[in-house]
Amino acid sequence: MRALGTLTHPTLDTETHYWSYGFIHVAGVDEVGRGPLAGPVVAAAVVFSPDIAIEGIDDSKKLTEEKREELFSPIMSKAISVGLGVVDHAMIDKINILRAAQLAMKRAIDNLNVKPEIVLADGRGFSYDLLRCENIIGGDAKVFSIAAASIIAKVHRDRMMKDLDAQYPQYGFAKHKGYATKEHLEAIRAHGLCSIHRKSFRIHHVAESA
C-alpha cells in the first residue's frame with residue numbers, strides 16, 4: 001500500500017493515481033452506524049470523474065449536520081454513480097456488527113450503476129469477490145471519494161433515524177441517532193427496548209451501568 005502521508009483535507013491524489021493508469025471507475029466506499037445501540041448500519045459508494053470539483057468535502061465526522069446536508073445534493077448530482085447499502089438491526093444481531101458493516105459496503109457497491117475497477121475502502125480488512133480493493137485507514141479524512149461516501153452514508157442514516165423517531169418518539173432518535181447518549185440511556189431505562197434496538201449489544205447492561 002502506498003503511503004498517503006498526513007493530509008489536512010481529503011484530496012484526489014489516490015483517485016488520480018488510478019486514473020493515470022487507465023482506471024475509469026474508481027469507487028470510494030465508507031459506512032456509518034457501527035456504534036449506535038439502535039437502527040441500521042449504512043454504507044455509501046461514490047464514483048467521480050477526474051474533473052470533479054466540490055468545495056468543502058471532508059470526513060463526515062468533522063462536518064456539522066447542516067454542512068453535510070448542504071453537500072449531499074452536489075455529491076449526488078455530480079457523481080458518476082452513488083450506491084447505498086443498508087443492513088438493519090435484525091441482521092446486525094444475526095451476523096454481528098463488523099460483518100454487517102462489510103455487508104452494507106458490499107451492497108453499496110452492488111447498487112452502483114457502473115462496475116468499479118478499484119474500490120477504495122475506509123478502514124482495513126475489506127475485500128469483495130473479484131473486485132480489486134485498497135483499504136485505507138482513516139480514508140475518510142484522506143481520500144476525496146471516501147469522504148464523499150461518508151457524507152452520503154451519514155446523511156442517509158440520519159434521515160432514516162429521523163423517520164424512525166416518528167414511530168418511537170419516546171427515545172429521541174432524531175436527536176441522538178441511536179447513539180448511547182445520556183438521553184437515550186435514560187429513555188431505555190424508562191421504556192425498555194423497542195423493536196429497532198440491537199439486542200446483541202447488551203443494551204440493558206449499558207443502560208444500567210451508565
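Everything that follows concerns the structure shown earlier in this document.
First things first, this report covers the structure right here in the doc.

Conventions used here
Residues numbered from 1 in each chain as written. Predicted model: local features only at pLDDT ≥ 70, side-chain atom pairs only at ≥ 80, totals over all residues. Heavy atoms only, no water. Helix = DSSP H or I, 4+ residues; strand = E, 2+ residues; numbered from the N terminus. Buried < 20%, exposed > 50% of the residue type's maximum accessible area, 1.4 Å probe, protein only. Contact = heavy atoms within 4.5 Å. Pairing = 2+ DSSP bridges. Axes fitted to C-alpha atoms, helices over the stretch in contact; angles between N-to-C directions. Expected span 1.5 Å × (residues − 1). Phe/Tyr/Trp six-rings, centres within 6.5 Å; stacked < 30°, edge-to-face > 60°. 1 Å grid on protein atoms, 1.4 Å probe; cavity = no way out; pocket = protein on both sides within 12 Å on 5 of 7 lines; lining within 4 Å. Points joined across faces, edges and corners; volume = space filled by probe spheres on them. Nonpolar A, V, L, I, M, F, W, Y, C, P; charged D, E, K, R; others polar. Core = buried A, V, L, I, M, F, W, Y, C linked by side-chain atoms within 4.5 Å. Arc of directions from axis to C-beta.

## Some remarks on the overall build of the protein chain
Working step 1: Scanning the protein chain from terminus to terminus reveals eight helices and five strands.
Working step 2: Counting from the amino terminus, the protein chain carries its helices and strands in the arrangement α-β-β-α-β-α-α-β-β-α-α-α-α.
Working step 3: Residue burial in the protein chain is summarised as follows: out of 210 residues, 52% are buried.
Working step 4: Considering only contacts within the protein chain whose residues lie at least 6 apart along the sequence, 65% involve residues at least 24 apart.

## Focus: the environment of Val-26
Working step 1: Turning to its location among the elements, Val-26 is positioned in strand S1 (residues 26-32).
Working step 2: Among residues more than four places away in sequence, those in contact with Val-26 are Glu-15, Tyr-18, Trp-19, Val-46, Val-47, Phe-48, Ile-118 and Leu-120.

## Structural notes on the sheet that holds strand S3 (residues 81-87)
Hydrogen bonds between backbone atoms are what pair the strands of a sheet, whose relative direction is either parallel or antiparallel.
Working step 1: Read across the open sheet, the five strands follow the order S3-S2-S1-S4-S5; overall the sheet is mixed. Two strands close off the open sheet at either side, each with one partner strand: S3 and strand S5 (132-136). Averaged over all pairs of adjacent strands, the angle between their axes in this sheet comes to 20°, without regard to strand direction.

## A short note on helix H5 (residues 144-167)
Working step 1: For H5, built from 24 residues, the straight-helix expectation of 34 Å at 1.5 Å per residue is met to within 8% by its first-to-last C-alpha distance of 36 Å.
Working step 2: Of all 24 residues in H5, 17 are buried, a share of seventy percent or more.

## Remarks on the packing of aromatic side chains
Working step 1: In the structure shown here, the tally under the stated rule is four aromatic pairs.
Working step 2: Plain terms: the ring middles of Tyr-171 and Phe-173 are 5.5 Å apart, the flat faces sit at 15° to each other, and that makes the pair stacked. As far as the burial class goes, Tyr-171 and Phe-173 line up, both buried.
Working step 3: Connected via pairs of aromatic rings, a cluster forms that spans Tyr-168, Tyr-171 and Phe-173.

## Focus on the layout of surface pockets
Working step 1: The calculated volume of the largest pocket comes to roughly 200 Å³.
Working step 2: Contributing to the lining of the largest pocket are Asp-30, Glu-31, Val-32, Gly-33, Arg-34, Asp-59, Ser-60, Lys-61, Asp-122, Asp-140, Lys-154 and Tyr-179.
Working step 3: Here the lining of the largest pocket gets three residues from one element, more than from any other, and that element is S1.
Working step 4: Split by residue class, the lining of the largest pocket holds two nonpolar, two polar and eight charged.

## Examining the nonpolar core
Working step 1: Val-46, Phe-48, Ile-54, Ile-57, Ile-75 and Leu-120 are the most contacted members of the largest nonpolar core, which has 32 residues in total.
Working step 2: Among the secondary structure elements, those contributing two or more residues to this core are helix H1 (13-20), S1, strand S2 (41-47), helix H2 (65-78), strand S4 (118-122) and H5.
Working step 3: Here this core takes nine residues from H5, the largest share from any one element.
Working step 4: Beyond its immediate chain neighbours, meaning those up to four positions away, Val-46 contacts Val-26, Ala-27, Gly-28, Ile-75, Ala-79, Ser-81, Val-82, Ser-145, Ala-148, Ala-149 and Ile-152.
Working step 5: Counting 22 residues, the second-largest nonpolar core is a separate cluster that includes Val-29, Val-87, Ala-101 and Val-119.

## Brief notes about helix H7 (residues 182-191)
Working step 1: Among the residues making up H7, those that are buried are His-184, Leu-185, Ala-187 and Ile-188. Across the axial projection of H7, the buried residues extend over an arc of 160°, all falling on one side. Away from its buried face, by an angle of more than 90 degrees, H7 presents the exposed residues Lys-182 and Ala-190.

## Considerations on unusual backbone geometry
Working step 1: Of note, the phi angle at Asn-96 is positive, near 85°, even though the residue is not glycine.
Working step 2: By the element assignment, Asn-96 lies in the loop between helix H3 (89-95) and helix H4 (97-110).
Working step 3: Take Asn-96: its relative accessible area is 37%, and that puts it in the partly exposed class.
Working step 4: One non-glycine residue, Asp-129, adopts positive backbone phi at about 45°.
Working step 5: By the element assignment, Asp-129 lies in the loop between S4 and S5.
Working step 6: Residue class for Asp-129 comes out exposed when judged on its relative accessible area of 68%.

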